Amino acid sequence: MGHVWLIGMMGSGKTSVGRLLSERLELPLYDTDATVEANAGQTVGEIFSHLGEPRFRELESLAVRVIASQDDGIVSTGGGVVLDSSNVEAMRESGTIVLLDADVGTLTARVGTAAERPLIAKDPERYLRELASARGAVYEDAAHVVVDATGSIEDVAHRVEAACSVS
Ligand code: S3P
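In every chain, residue numbers begin from 1 and rise along the written sequence. pLDDT decides what is reported in this predicted model: residues at 70 or higher carry local features, side-chain atom pairs at 80 or more are listed and counted, and totals for whole chains, interfaces and linings draw on all residues regardless. By convention in this description, side-chain values take in all heavy atoms of the structure and omit both hydrogens and water.

Q: Got a sec to walk through the overall build of the chain? Specific residues and values, please.
A: In DSSP terms, a helix is any run of H or I states spanning at least four residues, a strand is any run of E spanning at least two, and both are numbered starting from the N terminus. When helices and strands are tallied, the chain shows eight helices and five strands. For the chain, the N- to C-terminal ordering of α and β elements is β-α-β-α-α-α-β-α-β-α-α-β-α. On C-alpha atoms alone, the chain measures out to a radius of gyration of 15 Å, which is about the 15 Å that the 2.2 N^0.38 rule sets for 167 residues. By its C-alpha atoms, the chain is 40 × 35 × 25 Å across when sized along the principal axes. Only protein chains enter the accessibility calculation, which uses a 1.4 Å probe; a residue whose area is less than 20% of its type maximum is buried, one above 50% is exposed, and one in between is partly exposed. In the chain, buried positions account for 47% of the 167 residues. Taking the contacts inside the chain whose residues are at least 6 apart along the sequence as the reference set, 73% of them involve residues at least 24 apart. Computed with a 1.4 Å probe, the accessible areas rest on the Shrake-Rupley method; for each residue, only the protein chains presented here act as cover. Of the roughly 7,900 Å² of accessible surface on the chain, a fraction of 49% belongs to carbon and sulfur atoms. Only four residue types enter the tally: Lys and Arg on the positive side, Asp and Glu on the negative side; His and the chain ends are excluded. Charge placement uses NZ in Lys and CZ in Arg. For Asp and Glu, CG and CD serve respectively. In the chain, 14 side chains carry a positive charge and 26 a negative one; their mean positions are 4 Å apart. Each radius of gyration reported is based on C-alpha atoms, and the globular scaling rule is 2.2 Å times the count of residues to the power 0.38. Note on contacts: a residue pair qualifies if any of its non-hydrogen atoms lie within 4.5 Å across the two residues.

And the structure:
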């Protein structure tokens, strides 16, 4: 079956949906941000401010490679993982990439103050809108399937299961 890689914007529900799916399907849960944080011994926010975004992206690529080689599971990714095409290649080769697609209003409501998200913390709605418009095509190109990520986390998880036939 391979991994189910959840991609999408910050606030699209990758972490919550991933957690729910892994419980329901009794599959391992992986998380690129959590892997980066564990390896660096710092939070994502700290890595951005102490080491810079380029270093974060290197650590993120490393996390993708390590996770890709593990037993099949559900993977929650950081929203920018698709910016490096070699990440996308590694993800496509090791499973199915599912895009969680939601409008900016939904994303903004879900991220709240976004204090732990350095790219949008200053003005979540504005930066989510900018990133969504800059990245939209990259997400679409990377994804094997696109799932509507509005509504409850349970509903979104059901849609992912149906789209991947993983249940
Ligand atoms: C980022 C998304 C974040 C985190 C970092 C950068 C992005 O993950 O990796 O702040 O570039 O979209 P979430 O999508 O889990 O918030």
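Q: Would you mind going over the packing of aromatic side chains in detail, with residue names and values included?
A: Centres within 6.5 Å are what make two rings of Phe, Tyr or Trp a pair, Trp counting through its six-membered ring; a difference in plane orientation under 30 degrees is then read as stacked, over 60 as edge-to-face, and the rest as tilted. The tally for this structure, following the rule as stated, stands at one aromatic pair. Plain terms: the ring middles of F48 and F56 are 5.0 Å apart, the flat faces sit at 40° to each other, and that makes the pair tilted. For the residue pair F48 and F56, the accessibility class agrees, reading buried in each case.

Q: Pulling in residues and values, what's your account of helix α5 (residues 85-93)?
A: When we look at burial in α5, the residues that qualify are N87, V88, A90 and M91. Taken end-on, α5 shows its buried residues confined to a sector of 165°, consistent with a single buried face. Facing away from the buried side of α5, by more than 90 degrees, are the exposed residues S85 and E93. Its buried side turned inward, α5 meets β1 (3-7), α4 (53-68), β4 (95-101) and α7 (124-142). Just beyond α5, the residue with positive phi is G95, at close to 160°. Picture the helix axis, draw a direction to every C-beta atom, and the arc is the one those directions span.

Q: Mind laying out the site of the ligand, listing which residues take part and the relevant values?
A: By convention in this text, a residue qualifies as near a molecule or strand provided that one of its non-hydrogen atoms is within 4 Å of it. What surrounds the ligand is a group of 14 residues, the closest being K14, D33, R57, R117 and R135. Distance and chemistry together define a polar contact, namely a pair of N or O atoms within 3.5 Å, with one atom able to donate a hydrogen and the other to accept it when in protein, and with adjacent residues in sequence counting only for side-chain atoms on both sides. The contact in question runs from an oxygen atom of the ligand to an N or O atom on the backbone of G79, over 2.9 Å. Between R135 and the ligand, the recorded distance is 2.7 Å, taken from a side-chain N or O atom to an oxygen atom. Its free accessible area being 390 Å², the ligand has 96% of it covered by the protein chains.

Q: Describe the nonpolar core, with residues and values.
A: Here the nonpolar core consists of buried residues drawn from Ala, Val, Leu, Ile, Met, Phe, Trp, Tyr and Cys, with membership extended through side-chain atoms lying within 4.5 Å. L6, I7, V17, V98, L100, L128 and V160 are the most contacted members of the largest nonpolar core, which totals 42 residues. If you look at the next biggest cluster of nonpolar residues, it comprises seven residues, including I47, F56, L59 and A63.

Q: Describe in detail the sheet that holds β4, supporting the description with residues and values.
A: Whether two strands pair depends on DSSP finding at least two bridges between them. Read from one edge of the open sheet, five strands run β2-β3-β1-β4-β5, paired in parallel fashion. With one partner strand each, in any of the chains shown, β2 (29-31) and β5 (145-148) form the two edges of the open sheet. Going across the sheet, the axis of each strand differs from the next one's by a mean of 25°, ignoring polarity. In this sheet, β4 lies alongside β1 in parallel orientation, the contact comprising five bridges. When the bridges of β4 are listed, V4 appears paired with T96. An axis is simply a line fitted to the C-alpha atoms; with a helix, the fit covers only the stretch in contact. Between two such axes, the angle follows the N-to-C directions and lies from 0 to 180 degrees. Most of the contacts of helix α2 (residues 32-40) go to β2, to which it runs at about 65°, and overall it touches β2 and β3 (74-76). Taken strand by strand, helix α8 (residues 153-164) contacts β1, β4 and β5, and its axis lies near 155° from that of β5.

Q: Lay out the pattern of salt bridges with the relevant residues and their values.
A: Salt-bridge detection follows one rule: a side-chain nitrogen of Lys or Arg within 4 Å of a carboxyl oxygen of Asp or Glu. For the coordinates displayed, the defined rule picks out seven salt bridges. A salt bridge links E60 to R57, with the nearest nitrogen and oxygen atoms 2.9 Å apart. Taken together, the residues E60 and R57, both in helix α4 and three residues apart, mark about one turn of the helix. Take E60 and R57: they sit in the same class, and that class is buried.

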